Amino acid sequence: MSELKSTDLAKIEVIFSDIDDTISTEGKILPQAYSALWDLYHAGIKIVPITGRCAGWVDHITRMWPVTGVVGENGAFYTYMDYSNIPVKLRKRNYLSPNQIHNNSEKFEEIKAEIFQQFPTCKVASDQPYREFDLAIDFCEDVPPLSMDEVKKIVRIYNKHGATTKISSIHVNGWFGDFDKLKMTKIFAREVLNFCLDDYPGRAIFIGDSPNDEPMFDYFPFSIGVQNVNKFTNLIKKKPKFITKKPSGLGFAEMVKFILKNRS
C-alpha cells in the first residue's frame, strides 16, 4: 500500500468493504477492526460493508455499526438509516420484485436436494433462515471443510440450474437474477451517496478477501486485498491492486491506519 499517494488518498470519501475475513477474523470482530470503523467515522470517511451475509445480519449492522449503509446478499439489496425522518428509519431497497423472490425459493429447494445428495456433510449456512434472496451452502464454517475441487463441484450444480454463484471464504452463495456486489454498489452510490461511481471511481476504495470480491477488485482503481486473499490466488483472475501485510481484521485496521496517516 506504500505505493498509494497521499494526493490520491485525499480524494477518498468512502470505503466499501467485505465483512467475512476482511473486517472479521475467524468469525469475530477484533477490537482493532471495530476501532478502525469508528476511526473512519470520526474522520468523516463513509464506510459501506458489501457482504454476502443475510438480510437479518444486515439489518443489525446498519442499525448498530458506524456505517453509512450496507449492501447485502451479494448485491440483492441495500439498507441505510434515513436521518431525514424523526424517528430515524431503516430504509431498504431490493433489486428483485416480490414475484421473482417467490419463484426463486422453489428452485433453491431443487439445488439443495442435489447438493446434499452428493455432499452429505454440507449444510445450508447457519444464517440461511434470515436470507431473502440467495441460497448459501456452508463448506467450512460449521461443517468439516471440503476441498476446493469439491467446492467447485457444488458451484457446477448451482450453474446447472441456471443460478449465479460466488465462492466466499466460507460459503458458496447462489442466486437467480443479474445482480452482484458491484452493480448494487453503483446503485447505492447513486441513490444514497449522490454520485456516479463510473464518473468518480477514485473517490472510493474497496477492500476484500475472496473470489466473490473479484468484480470489485477489477473495478476500483484503489482495490485492496487483506493478506489472506493470497490463498485464493488460483481462483481470482482480476486481483486486488494492493495487498495488506496482515490478514483479515488486522489487515483492515492496517489499511485504515495507513489511509488516515497519509491523507494530505
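Refer to the preceding data block for the structure.
Anyway, here's the lowdown on the structure attached to this text. (Residues numbered from 1 in each chain as written. Predicted model: local features only at pLDDT ≥ 70, side-chain atom pairs only at ≥ 80, totals over all residues. Heavy atoms only, no water.)

Bringing the side chain of Asn212 into the picture now. By the secondary structure assignment, Asn212 is in the loop between β10 (204–208) and α7 (214–219). One polar contact links Asn212 to Asn74, side chain to side chain, over a distance of 3.3 Å. Polar contacts involving the side chain of Asn212 include one to the side chain of Ser210, which spans 2.7 Å. Sequence-distant contacts of Asn212, that is, excluding residues within four places in its chain, are made with Asn74, Lys166, Ile167, Ser168 and Lys181. (Helix = DSSP H or I, 4+ residues; strand = E, 2+ residues; numbered from the N terminus. Polar contact = N/O pair within 3.5 Å; in protein donor to acceptor, adjacent residues only side chain to side chain. Contact = heavy atoms within 4.5 Å.)

As a packed pair, helix α4 (residues 98–118) and helix α5 (residues 148–160) sit with axes 10 Å apart at the nearest point and diverge in direction by 155 degrees. For the element pair α4 / α5, the angle class is roughly antiparallel. Regarding α4 and α5, the two cross each other, and that crossing is right-handed. Contacts between α4 and α5 pair Ile111, Glu114, Ile115 and Gln118 from the former with Ile154, Ile157, Tyr158 and Lys160 from the latter. (Axes fitted to C-alpha atoms, helices over the stretch in contact; angles between N-to-C directions. Parallel < 35°, antiparallel > 145°, perpendicular 65-115°, else oblique. Left-handed = near helix turned anticlockwise from the far one by under 90°.)

What follows is about the side chain of Asp18. In this structure, Asp18 sits in the loop between β1 (14–17) and α2 (31–43). Looking at Asp18, its side chain comes within polar contact range of the side chain of Thr22, at 2.9 Å. Every residue in contact with Asp18, bar those within four places of it in the chain, is listed here: Ile23, Ile50, Thr51, Lys181, Phe206, Ile207, Gly208, Asp209 and Asp213.

Now for the sheet that holds β10. Ordered by their spatial adjacency, 5 strands build an open sheet running β2-β1-β10-β11-β12, and the pairing between neighbours is parallel. Where the open sheet ends on each side, the last strands, each with one partner, are β2 (46–49) and β12 (242–243). Pairing of β10 with strand β11 (residues 223–225), which is carried by 3 bridges, proceeds in the parallel orientation. Pairing of Ile207 across the sheet is with Ile224, part of β11. (Pairing = 2+ DSSP bridges.)

Moving on: the environment of Val14. Relative to the assigned elements, Val14 resides in strand β1. Take Val14: its relative accessible area is 1%, and that puts it in the buried class. With 31 residues separating them in the primary sequence, Val14 and Ile45 have C-alpha atoms 5.4 Å apart. Setting aside residues no more than four positions away along its own chain, Val14 makes contact with Ile45, Lys46, Val48, Leu193, Phe195, Arg203, Ala204 and Ile205. (Buried < 20%, exposed > 50% of the residue type's maximum accessible area, 1.4 Å probe, protein only.)

One pass over the structure, following the stated rule, counts 1 cavity of 30 Å³ or more. Lining the largest cavity are 13 residues, with Asp18, Asp20, Gly52, Ser168 and Asn212 sitting closest to its centre. Of the residues contributing to the lining of the largest cavity, the split by class is no nonpolar, 8 polar and 5 charged. (1 Å grid on protein atoms, 1.4 Å probe; cavity = no way out; pocket = protein on both sides within 12 Å on 5 of 7 lines; lining within 4 Å. Points joined across faces, edges and corners; volume = space filled by probe spheres on them. Nonpolar A, V, L, I, M, F, W, Y, C, P; charged D, E, K, R; others polar.)

Moving on, we come to the sheet that holds strand β4 (residues 77–82). Whenever strands of a sheet pair, they do so through backbone hydrogen bonds, lying parallel or antiparallel. Read from one edge to the other, the open sheet built from 3 strands follows the order β3-β4-β5, with strand pairing classed as antiparallel. Because the sheet does not close on itself, it has two edges, and the strands there are β3 (70–72) and β5 (89–94). Strand-to-strand twist of the sheet, defined as the mean angle between neighbouring strand axes without regard to direction, takes the value 25 degrees. Sheet analysis places β3 next to β4, joined by 3 bridges and oriented antiparallel. Bridging across to β4, Gly72 finds its partner in Phe77.

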